2 protein chains.
Amino acid sequence: MKPTNLSRRHAMLRAGGALSLASIGTLTPISKALAASESKDAPSLPDYASWKNPDALIIHSANTMETKRGAFGDGLITPLDRLFVRNNLNPPSEEITEDPDSWEIRIEGVKNPTTFTVGELKRMGLESVPMILQCSGNGRGYFPSEPSGTQWTVGAAGCVIFTGIPVKKLIEATGGIADGMKYMTSTGGEEIPEGIDPDTVKVERSVPAEISDRALLAWEINGVPLPLAHGGPLRLVVPGFTGVNSIKYVKQVAFTEDQSSANIQQNSYRMAPLGEKGSPEYDSVWEMPVKSWVTQPSEPDQTLKSGLVQIKGLAMGGNSDVTGVEVSVDGGDTWHEAKFVGPDLGPYAWRQFVYPVELEPGKYEVTSRATNADGQTQPKERMENNRGYLNNSWHDHMLSITVA
Amino acid sequence: MKPTNLSRRHAMLRAGGALSLASIGTLTPISKALAASESKDAPSLPDYASWKNPDALIIHSANTMETKRGAFGDGLITPLDRLFVRNNLNPPSEEITEDPDSWEIRIEGVKNPTTFTVGELKRMGLESVPMILQCSGNGRGYFPSEPSGTQWTVGAAGCVIFTGIPVKKLIEATGGIADGMKYMTSTGGEEIPEGIDPDTVKVERSVPAEISDRALLAWEINGVPLPLAHGGPLRLVVPGFTGVNSIKYVKQVAFTEDQSSANIQQNSYRMAPLGEKGSPEYDSVWEMPVKSWVTQPSEPDQTLKSGLVQIKGLAMGGNSDVTGVEVSVDGGDTWHEAKFVGPDLGPYAWRQFVYPVELEPGKYEVTSRATNADGQTQPKERMENNRGYLNNSWHDHMLSITVA
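Predicted model only: the values in this text are computed from it and were never measured. (Residues numbered from 1 in each chain as written. Chains lettered and ligands numbered in written order. Predicted model: local features only at pLDDT ≥ 70, side-chain atom pairs only at ≥ 80, totals over all residues. Heavy atoms only, no water.)

Participant: Sorry, what's going on with the overall build of chain A here?
Facilitator: Along its length, chain A carries 7 helices and 22 strands. By residue count, 62% of the 404 residues in chain A fall in the buried class. Across chain A, the fraction of contacts at a sequence separation of at least 24, relative to all contacts at a separation of at least 6, is 71%. Total accessible area on chain A is roughly 14700 Å²; 49% of this is exposed by carbon and sulfur atoms. (Helix = DSSP H or I, 4+ residues; strand = E, 2+ residues; numbered from the N terminus. Buried < 20%, exposed > 50% of the residue type's maximum accessible area, 1.4 Å probe, protein only. Contact = heavy atoms within 4.5 Å. Areas by Shrake-Rupley, 256 points an atom, 1.4 Å probe, with all protein chains shown as cover.)

Participant: What is the right way to read unusual backbone geometry from this model?
Facilitator: What you tend to see is this: most non-glycine residues have negative phi, and most peptide bonds are trans. Pro233 of chain A follows Gly232 of chain A through a cis peptide bond whose omega is 15°. A positive phi angle, close to 55°, is found at Leu390 of chain A, a residue other than glycine. Inspection of the secondary structure puts Leu390 of chain A in the loop between β21 (362–372) and β22 (399–403). Positive phi values are uncommon outside glycine, yet Asn222 of chain B reaches one of about 50°. Following the sequence through the fold, Asn222 of chain B ends up in the loop between β10 (216–221) and β11 (224–225). Given a relative accessible area of 14%, Asn222 of chain B falls into the buried group.

Participant: Sorry, what's going on with the relation of the copies chain A and chain B here?
Facilitator: Applying a rotation about an axis and a shift along it to one chain copy brings it onto the other copy. Of the two same-sequence chains, chain A is brought onto chain B (RMSD 0.0 Å, axial shift 0.0 Å) by a rotation of 180°. Considering both components of the superposition, the chain copies are consistent with a two-fold axis. Residue Leu345 of chain A of chain A places its C-alpha closer to the rotation axis than any other residue of that unit, at 3.6 Å. Interface residue correspondence from chain A to chain B reaches 100%, placing this contact among same-surface, isologous pairings. (Least-squares fit on C-alpha atoms with pLDDT ≥ 70 in both.)

Participant: Would you mind going over the pattern of salt bridges with me for this structure?
Facilitator: Oppositely charged side chains can form a pair if their charged atoms are brought close together. On inspection of all chains with the given rule, the structure shows 18 salt bridges over all chains. Across the salt bridge formed by Arg369 of chain A and Glu326 of chain A, the nearest N and O atoms sit 2.8 Å from each other. With a gap of 43 residues between them, Arg369 of chain A in strand β21 and Glu326 of chain A in strand β17 (residues 322–328) connect regions that are remote in the sequence. A salt bridge links Lys339 of chain A to Glu127 of chain B; its shortest N-O distance comes to 3.8 Å. In this pair, Lys339 of chain A is assigned in strand β19 (residues 339–341) and Glu127 of chain B in strand β6 (residues 127–134), connecting two distinct chains. Residue Lys339 of chain A is classed as partly exposed on the basis of its relative accessible area of 44%. Look at the salt bridges and you will find they share partners, linking Asp199, Lys202 and Glu204 of chain A into a network. (Salt bridge = Lys/Arg side-chain N within 4 Å of Asp/Glu carboxyl O.)

Participant: What is the right way to read the environment of Val294 of chain B from this model?
Facilitator: All names here are of chain B. Here Val294 lies in strand β14 (residues 291–296). Taking relative accessible area as the criterion, Val294 reaches 1% and is therefore assigned buried. Val294 sits 21 residues away from Ala315 along the chain, and the two C-alpha atoms are 8.7 Å apart. Excluding anything up to four places from it in sequence, Val294 contacts Arg69, Ile311, Lys312, Gly313, Phe353, Val366, Thr367, Ser368 and Leu399.

Participant: Is there a simple way to explain the sheet that holds strand β20 (residues 351–359) of chain A in this structure?
Facilitator: Within a sheet, adjacent strands bond to each other through the backbone by hydrogen bonds, running parallel or antiparallel. Residue and element names in this part refer to chain A. Taken in spatial order, the 4 strands make up an open sheet running β14-β16-β20-β19, and their pairing is antiparallel. Edge positions in the open sheet fall to β14 (291–296) and β19, since each of these has one partner strand only. Taking each pair of neighbouring strands and ignoring which way they run, the sheet shows an average axis angle of 35°. Note that β14 and strand β16 (residues 307–316) share 5 bridges and pair antiparallel. Along β16, the bridge assignment pairs Val294 with Gly313. (Pairing = 2+ DSSP bridges. Axes fitted to C-alpha atoms, helices over the stretch in contact; angles between N-to-C directions.)

Participant: Would you take a moment to explain the confidence of the model for chain A for this structure?
Facilitator: In low-pLDDT segments, the atomic positions of the prediction should not be examined closely. All names here are of chain A. For chain A, the average pLDDT comes to 91, and 90% of its residues sit at 70 or higher. Low pLDDT (under 50) marks residues 1–40, which in the prediction has 72 contacts with non-local residues, meaning those over four places away or in another chain. Per the prediction output, this complex has pTM 0.91; the corresponding ipTM is 0.89. (pLDDT = per-residue confidence, 0-100.)

Participant: Can you walk me through the sheet that holds strand β3 (residues 85–86) of chain A in this structure?
Facilitator: On the basis of which strands lie adjacent, the open sheet formed by 3 strands has the order β1-β2-β3 (chain A) and antiparallel pairing. Two strands bound the open sheet, and with one partner strand each, they are β1 (57–61) and β3 of chain A.

Participant: Sorry, what's going on with the environment of Lys52 of chain A here?
Facilitator: All names here are of chain A. Looking at the element boundaries, Lys52 is found in the loop between α3 (32–38) and β1. Sequence separation between Lys52 and Pro79 is 27 residues, and the spatial gap between their C-alpha atoms is 9.8 Å. In terms of polar contacts, Lys52 uses its side chain to reach the backbone carbonyl oxygen of Leu83, at 2.7 Å. (Polar contact = N/O pair within 3.5 Å; in protein donor to acceptor, adjacent residues only side chain to side chain.)

Participant: What should I look at first to understand the environment of Tyr348 of chain B in this one?
Facilitator: Structurally, Tyr348 of chain B is set in the loop between β19 (339–341) and β20 (351–359). In sequence terms Tyr348 of chain B and Pro289 of chain B are 59 residues apart; their C-alpha atoms lie 11 Å from each other.

Participant: Help me understand the pairing of β20 of chain B, please; the structure alone is not making it clear to me.
Facilitator: In summary, the side chains of a regular strand alternate between the two faces of the sheet. Residues and elements named next belong to chain B. Most of β20 is tucked away, with 7 of its 9 residues classed as buried. By the bridge criterion, 9 bridges tie strand β16 (residues 307–316) to β20 in an arrangement that is antiparallel. Within the sheet, the bridge partner assigned to Val309 lies in β20 and is Val357.

Participant: I keep staring at the domain arrangement of chain A and nothing clicks. Help me out?
Facilitator: One frequently used descriptor of interface size is the decrease in accessible area upon assembly of the parts. Residues and elements named next belong to chain A. Along its sequence, chain A is carved into domain 1 (7–86), domain 2 (94–266) and domain 3 (291–403). Taken together, the contact between domain 1 and domain 3 spans 11 residues of the former and 19 residues of the latter. Among the residues domain 1 hides against domain 3, the three largest losses belong to Arg69, Asp74 and Leu76. Together they make up 58% of the total. Scanning the region where domain 1 abuts domain 3 turns up 1 salt bridge. One salt bridge connects Lys312 with Asp74, and the closest N-O pair in it is separated by 2.6 Å. At the surface where domain 1 touches domain 3, the tally comes to 5 residue pairs in polar contact (both at pLDDT 80 or more). Split into classes, the residues belonging to the side of domain 1 that touches domain 3 amount to 5 nonpolar, 3 polar and 3 charged. (Domains from an automatic or database assignment. Buried area = accessible area lost by both parts, 1.4 Å probe. Nonpolar A, V, L, I, M, F, W, Y, C, P; charged D, E, K, R; others polar.)

Participant: What should I look at first to understand the packing of aromatic side chains in this one?
Facilitator: Two descriptors summarise a pair of aromatic rings, namely the distance from one centre to the other and the angle between the planes of the rings. Within this structure, the stated rule accounts for 12 aromatic pairs over all chains. On the numbers, 5.2 Å between centres and 25° between planes, the contact of Tyr269 of chain B with Tyr389 of chain B is stacked. Taken together, the residues span a long stretch of sequence, with Tyr269 of chain B in the loop between α7 (263–266) and β14 and Tyr389 of chain B in the loop between β21 (362–372) and β22 (399–403) at a distance of 120 residues. Judged by its relative accessible area of 6%, Tyr269 of chain B falls in the buried class. Through a chain of ring-to-ring contacts, three or more aromatic side chains come together here, namely Phe72, Trp293 and Trp350 of chain A. Above the face of the Phe340 of chain A ring, Arg351 of chain A is positioned so that its terminal group lies 4.5 Å from the ring centre. (Phe/Tyr/Trp six-rings, centres within 6.5 Å; stacked < 30°, edge-to-face > 60°. Lys NZ or Arg CZ within 6 Å of the ring centre and 35° of its normal.)

So this is what it looks like as structure tokens:
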């Protein structure tokens, strides 16, 4: 039940993370500007994300920011200024969001390949989907193998509502998927530096073609035009799949016989065993597994006041409804059914849960485990892999706290 | 089918309202500050709501701002910086939201009257409820009788997610409602000017005691601490009831034998006939009726491009699920079933709808009518009343547009 060798990294994560945590609970929009000017020690927000709330985020770098565990809010939908950011390349110029309706998207690998503007898409259909965006490497910071990459804890995830047009509407409008095409391969609009083989850097991902049934080309997030930081003016979003598969500033959706030749598809985001390099022989990181974590308590080594405590958190089924969550306060020895809070927003959204419990003074190991409609329960152990993907271990996400 | 005598008021509303409407579609959080500095002609936002998006709002006064018809967004939940504001008195000092956990709420008219702090409430329970906030006078601007009060069109309404503790939990914790109490009477924390009979100005509203079953004492809205502009640090929210019944900065919830003696309960917010003064003999404005309106097109006299158009809008059941919406483009002569977009967030939330239609060049009269689970359908005519409350007439909410 002891923390393993993670305390060094935890301390590091806390240093960047917990700085102004006490102020989160009282943070109103009005005090945001003030709070920002007070965060002197943390790395600062990049220009394209300057409108984010720095007190709610752990800023790892200019292209990687995660939501603090205590800053998701209890409103089911993650406030946009607290939502994590993770870019594989630097984003394009802000200019591309100034006239979103003129952005062009090419549909290929269909009977009648066509280029549409976003303005045209908006006249063709409308759908809204609540869904979790979660980085493939969320929870990497808990791997004892210390995989390279951003040391995310729980916050490279958020639940948002995307609005756009179903990809299947565009398939219909372009005559259907061409014969023999097995993948939907989408390409981001990032600028590729000159003199580099595009395959080494370009953001292009393939998912099974049938997944297009649930995908959306989205121009809105949480009711506002999609900002550049989250892939505006247009993003391909794939509910139930990890974030890398939801292509930002998407400029092409192609139905293809084979998976993309890009390195990000062939070798990165592969479930390679410890010590092995990623390659096409290993599973691609696509679907998200069942997962949950507590958000209150929200910090390792936190001290809570004794008495009645609301242990709360977030739970996701991955690719089917989350049907139950249990909470343990004794490191997984005993489990107690938690209660869902608020409405069910569908299989791709998360649910809030709460477990009210009377806690005497003492030490507690607090964690949660979710079960989904497919009967899968969040496991104690992570799936070991070389790059630290898909961590859903309830043990890794546990917090040791003191009740005084 | 012609606009009646409303054109003068429509023109006035448009002058204040549509100023920068073209920019709404492309407005990102980043361009907000810029947009604000460009809105030279509109009245400016008051300090307590300075974080609002002025381009999304019609600013009637320092205490009344409504969301423009084209600015609700398509994400089901109204973005907070676009949500309407309506205060009966000036709000208290911003200071009351600085340490929200210390705010005190008195529970009276129960077996064991008790004062709780918000910090204590947070340890006692947790619930999240998606619900419509709508001013009783939303749609007043369409009454030909020109009732006094803010000339709201459609935008004194929003759908948000409130988080707090169910009032019934507090009733349980205080021994149950005292015998003979028929109303839940809640009091706002506004400062009452000296030398005035408090009953003439205080914001204190009574609703039937059994409605406490669905009420919440809320400290969060859309996942962030409740700002002063929306009643923070603590608001009593009554799902299904008009906004005036959801008491801001609530300092007392009392179960009472009689309705409040305050003027706002006795005489205001009463369904008095045209020409009569409000008084207790008329129904209090409590429950919201079934209602819908189109949001695209979003302006009277708008010109749309011919071809396929997505007519879209928002529909609410009032106090039961909205089960269907029809759209008419010929002034109500023929109706077409619209399709719901996105998930059902429960009986107190609204749903988005869309009706895709091919429109030839010409003139159209576009409107919608909703039906709820109780079998009630939105009527053609408003319920006439002296102060312009509860307007749900589909005819009043119709837009005359041109397709070119």
